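One letter stands for each residue in the lines below.
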Amino acid sequence: MPRRQPDTHTLNQSKEAHSPGIEQSGVLEKQDLHKISKKINFVMQNHSANKTLRQVIMYKLILTLLLLSTISSATAQTRAAADSVLSQPVTVVGSTTAIATPHHRPRVALVLGGGGAKGMAHVGVLKVIERAGIPIDMICGTSIGSLVGGLYAMGYSASELDTLVRHQDWTFLLSDNLDRKQMNLESKTRGDKYVYTLPLSQLGMGAFTQQALVKGQNLANLFTHLAVGFHDSIDFNTMPIPYCAVATDMVKFQEVDMHSGYVAQAMRASMSIPGMFTPVRLDSMVLVDGGLRNNYPVDVARSMGADYVIGVNLNKIKDMTNADFNKPGAVITRIAEVHTENKFRQNWADTDIALQIDADPYNSMSFQPAAVDTLIARGERCAMSHWHELMALKARLGLALDDDTTANTARRRSAGYSHPVLETVPIAAVTFTHVLPAEEHLLRKKFHLERKQLSIDQIENVITELRGRLYYNDASYQLLGDHSNGYRLHFDTEGKKASQVYLGARFDSEELAAIQIESFFPNIAGLKKHPYTLEAKLRLGKRIKAGLTSTLSTSSTCNLALGYNFSYNDIDLYRHGKRYYDMRYYRHMAELGFKGFVVSNFMMDLYVRWSYYRYRDMLGRNGADSILIENDHYFSYHARLYYNNEDDTYFTTRGSSAEVQAGLYTTNFVHFHGTSALATVMARWRSTWRVGSHMVLQPGVYGRLIFKDTAPYVLQNYVGGPWFGHYFDQQLPFAGLGHVEYTGNSFAAVDMGARYQLTQNNFVLADFAVAEHGEKVKNTLDHTPYFGVRAGYVYRTIVGPLGAYVGWNSMSHKASFYINLGLVF
């Protein structure tokens, strides 16, 4: 059925008439006459046979308008065909066969334009369309419109989409960070130190594999999760609502209309903003954001057989002026818009119900919760302002205006359109492609993949392991087949591992500036039986570190590690607030042992260590004599048990962490300078309790004991600063103490912290600590306790916390002031 031009009075009072085009003969084909006859019957069947003269005149007028509409429609189609000959051809993937509709009524298409975060407004529009009872027969979308439209086409209702977009961590989705909930402790600890991760090609090639800032793995994983039941390559016309996603092929710079394939892949390709997300490679094409060629694809909907189009545009429609180019980035934005502007204006004029979203002051990256809420509300409000047009369209579709406004949702559900997010799926078989056999065996055993029922969390844990601990590129999964017979779960990677470079930087008032680089080179030796990794680390600043560690994965939970580390420390030591010594020394350290017995949130290390200390000097200050320390070495045995289920290290809102370390130091594997070995124990625990929606309390206890009357300077207890192990491995923090103080062989503290969230990224905090101490363990309770207080303000930035703190403590009897920017390493 050729589309009928809408009644401009009832459907779009504000729209201008189409400009004249190429003249046509006006001769009607036989099929056109048949379609006109169907339109006449559609009108006549809606009226009684007993008519007045005035009604007969009105019906004749309507039939005349229908005839003129059909002639105009044929003319427009012929003109469009002529224009297409002159323009660059559009690549079409899949079938564009017209979609059948119930009772042969006119077909309604929904067109959702691109615009990044502004696309949250699409959800509000869908809520109103459902409320109005307007059936949607096909959906075309670009970029964010392809995502919202694709999910709706799968069967998600507007209310389900509302819940989905409000509860997503968009900051995480728009990055390649691993999901902290699915990471093991080894990966969590590493991620807490570095602000950016850069994948590299195989060692020796020296080229970056990343083609954009973000590979888009988290978005791809989300789309795969939401598309369960549609993982097979399909014709998108067979979906509950026929669907098309618009992308751009950078090879030929052509529009690509995707009518078939993998739905998740189509949505991912359509949203691949050049430079930000890595393109999707499909056959000979390199696919990026469809907005480069067709950001508002009404013409695609018409080619699918749409009689009426409801379109949602997220971007401003205005003529550019000189003043518009005063803003940063305006020229680049304009260059991108030029490619689509002519097509957009044609498509906008060809829209029956055109919804223009007012998104100001939000932009394409406004994914903050408050912005998402506002944009959904604005989409709903915009659609409601066109309510009379929606009702007019409903009448033209032959639907009663007094129908229950929830009827459309009910029809979707009765037709099996509902597509809830699944938590578990039945599994008939599990297969892997491009994964080493030994690693496949480890994954099957570790995540119990032989089970017949797997949760989505279990499946995504495998993806996290492939990407994180095993370093595979582009790890993904598919659930092929159907729910009734059990899915075939298939994991795939690129078949090669990417070396990773982790970058960290920090600035503070104590050390001024420091940077740290850590690199991982997976399977560098080409071993197939056991995964093998080489790690290199370099830290520059007041404290210098360098190291090299090789790791062999002997099982799914254990690593055998051999490493060497070098460090240079220059540390000011205080006693009761007075600076007594400058301690400067070099340390050479070799380790061998089983590191990373990792089971969920638990990790245990068992290793032996050789340490050699070469002292430059120990300069005395404030009347203290300089000390000449002889170089020394130690053979030591260590055990460490660590637990952590906190949701965040720096801005924790729930969870607990605990650690116990035990060390036994000798000079000849048995004795310590001719006496019994020197033993140490360190323990700490912290829990986070939420109080209301903005405040958390963090009680904790910690301490360290040395079970020997005398210990060398480098092994003694030191306290100060806000973090564990910042200057010395054994350093303990203490509220209100900014520098490093020497304390006796025993130190135990109780700490209570509180943090209040002012806004999304602004926090104030306070700490209070009380500590017992003693020169010997047995004298721990013989002294007056130390206490300290600290208060501060912290702003959450993309490179880590920016904080300013003031405090006071009874250990030094001095106030402290400290500023920090960045993560701790």
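Residues numbered from 1 in each chain as written. Predicted model: local features only at pLDDT ≥ 70, side-chain atom pairs only at ≥ 80, totals over all residues. Heavy atoms only, no water.

If you check an unreviewed UniProt entry, the protein appears there as Patatin-like phospholipase family protein from Sodaliphilus pleomorphus.

Asks: Can you help me understand the packing of helix H4 (residues 144-154) against helix H9 (residues 263-270) in this one?
Replies: For any two helices packed against each other, the geometry is given by the interaxial angle and the distance between the axes. One way to put it is that H4 packs onto H9 with a least axis distance of 9 Å and a crossing angle of 160°. In terms of orientation, H4 and H9 fall into the roughly antiparallel class. Considering the relative orientation of H4 and H9, their crossing is right-handed. Together, Ser146, Leu147, Gly150, Leu151 and Met154 of H4 and Val263, Met267 and Ser270 of H9 make up the contact between the two elements. When its residues are assigned to classes, the contact of H4 with H9 shows 5 nonpolar, 3 polar and no charged. (Axes fitted to C-alpha atoms, helices over the stretch in contact; angles between N-to-C directions. Helix = DSSP H or I, 4+ residues; strand = E, 2+ residues; numbered from the N terminus. Parallel < 35°, antiparallel > 145°, perpendicular 65-115°, else oblique. Left-handed = near helix turned anticlockwise from the far one by under 90°. Contact = heavy atoms within 4.5 Å. Nonpolar A, V, L, I, M, F, W, Y, C, P; charged D, E, K, R; others polar.)

Asks: Explanation requested: unusual backbone geometry in the structure shown.
Replies: If a residue is not glycine, its phi is most likely negative; likewise, a peptide bond is most likely trans. Put simply, aspartate 360 and proline 361 share a cis peptide bond, and its omega is 5°. Looking at the element boundaries, proline 361 is found in the loop between strand S12 (353-356) and helix H12 (369-384). Within the chain, histidine 576 stands out as a residue other than glycine whose phi angle is a positive 55°. The class of histidine 576 is partly exposed, set by a relative accessible area of 45%. For histidine 813, which is not glycine, the phi torsion reads 55° and is therefore positive. Of note, histidine 813 is situated in the loop between strand S33 (800-809) and strand S34 (814-822). (Buried < 20%, exposed > 50% of the residue type's maximum accessible area, 1.4 Å probe, protein only.)

Asks: Explain the packing of aromatic side chains here, please?
Replies: Centre-to-centre distance and the angle between the planes together describe a pair of aromatic rings. In total, this model carries 26 aromatic pairs according to the counting rule given. An angle of 50° between the planes, with centres 6.0 Å apart, marks the rings of tyrosine 585 and tyrosine 615 as tilted. On the criterion of sequence distance, the pair formed by tyrosine 585 in strand S22 (residues 578-599) and tyrosine 615 in strand S23 (residues 602-620) is long-range, its members being 30 residues apart. Tyrosine 615 sits in the buried class, given a relative accessible area of 10%. Put simply, the rings of Tyr585, Tyr613, Tyr615, Tyr634 and Phe672 pair up and form one aromatic cluster. Sitting above the plane of the phenylalanine 724 ring, arginine 684 keeps its charged end 4.5 Å from the centroid. Seen from the ring of phenylalanine 651, arginine 796 lies directly overhead, with NZ or CZ sitting 5.0 Å from the centre. (Phe/Tyr/Trp six-rings, centres within 6.5 Å; stacked < 30°, edge-to-face > 60°. Lys NZ or Arg CZ within 6 Å of the ring centre and 35° of its normal.)

Asks: Just checking my understanding: could you explain H12 for this structure?
Replies: Each turn of an α-helix holds 3.6 residues, which means side chains three or four residues apart point in the same direction. Counted at 1.5 Å a residue, the expected span for H12 with its 16 residues is 22 Å, and the 23 Å between its end C-alpha atoms agrees. Taken as a whole, H12 has its buried residues at Ala371, Val372, Leu375, Ile376, Arg378, Gly379, Glu380, Cys382 and Ala383. Considering only its buried residues, H12 is in contact with helix H3 (120-132), helix H5 (158-166), helix H6 (170-173), S12 and helix H13 (387-396). (Expected span 1.5 Å × (residues − 1).)

Asks: Could you clarify how one ought to interpret the environment of alanine 245 in this entry?
Replies: Mapped onto the secondary structure, alanine 245 falls in strand S6 (residues 243-249). The spatial distance from the C-alpha of alanine 245 to the C-alpha of glutamine 265 is 9.9 Å, given a sequence separation of 20 residues. For alanine 245, the residues in contact, after removing those within four places along its chain, are Gly141, Ser146, Val256, Asp257, Met258, Ala266 and Ser270.

Asks: Which parts of the structure should I look at to understand the side chain of glutamine 516?
Replies: In this fold, glutamine 516 is placed in strand S18 (residues 512-522). When its relative accessible area of 4% is taken as the criterion, glutamine 516 is described as buried. Polar contacts involving the side chain of glutamine 516 include one to the side chain of tyrosine 194, which spans 2.8 Å. In this structure, glutamine 516 is in contact with Tyr194, Tyr502, Leu503, Gly504, Lys537, Leu538, Arg539 and Phe825, ignoring residues within four places of it in sequence. (Polar contact = N/O pair within 3.5 Å; in protein donor to acceptor, adjacent residues only side chain to side chain.)

Asks: Where do I start with the state of the cysteines in this structure?
Replies: Any covalent bond linking the sulfur atoms of two cysteines counts as a disulfide. Inspection of the entire model under this criterion finds 0 disulfides. Its sulfur unpaired, cysteine 140 is 5.0 Å from the next cysteine sulfur, which belongs to cysteine 244. Taking the relative accessible area as the measure of exposure, cysteine 244 reaches 0% and is therefore buried. (Disulfide = S-S within 2.5 Å.)

Asks: Teacher, can you tell me more about the pairing of strand S21 (residues 559-575) here?
Replies: The two faces of the sheet receive side chains in turn, since in a regular strand these alternate between them. Sheet analysis places strand S20 (residues 544-553) next to S21, joined by 10 bridges and oriented antiparallel. By the bridge assignment for S21, isoleucine 544 is matched with tyrosine 568. In this structure, S21 lies alongside strand S29 (residues 740-742), joined through 2 bridges in parallel fashion. For tyrosine 574, the partnering residue across the bridge sits in S29 and is glutamate 741. (Pairing = 2+ DSSP bridges.)

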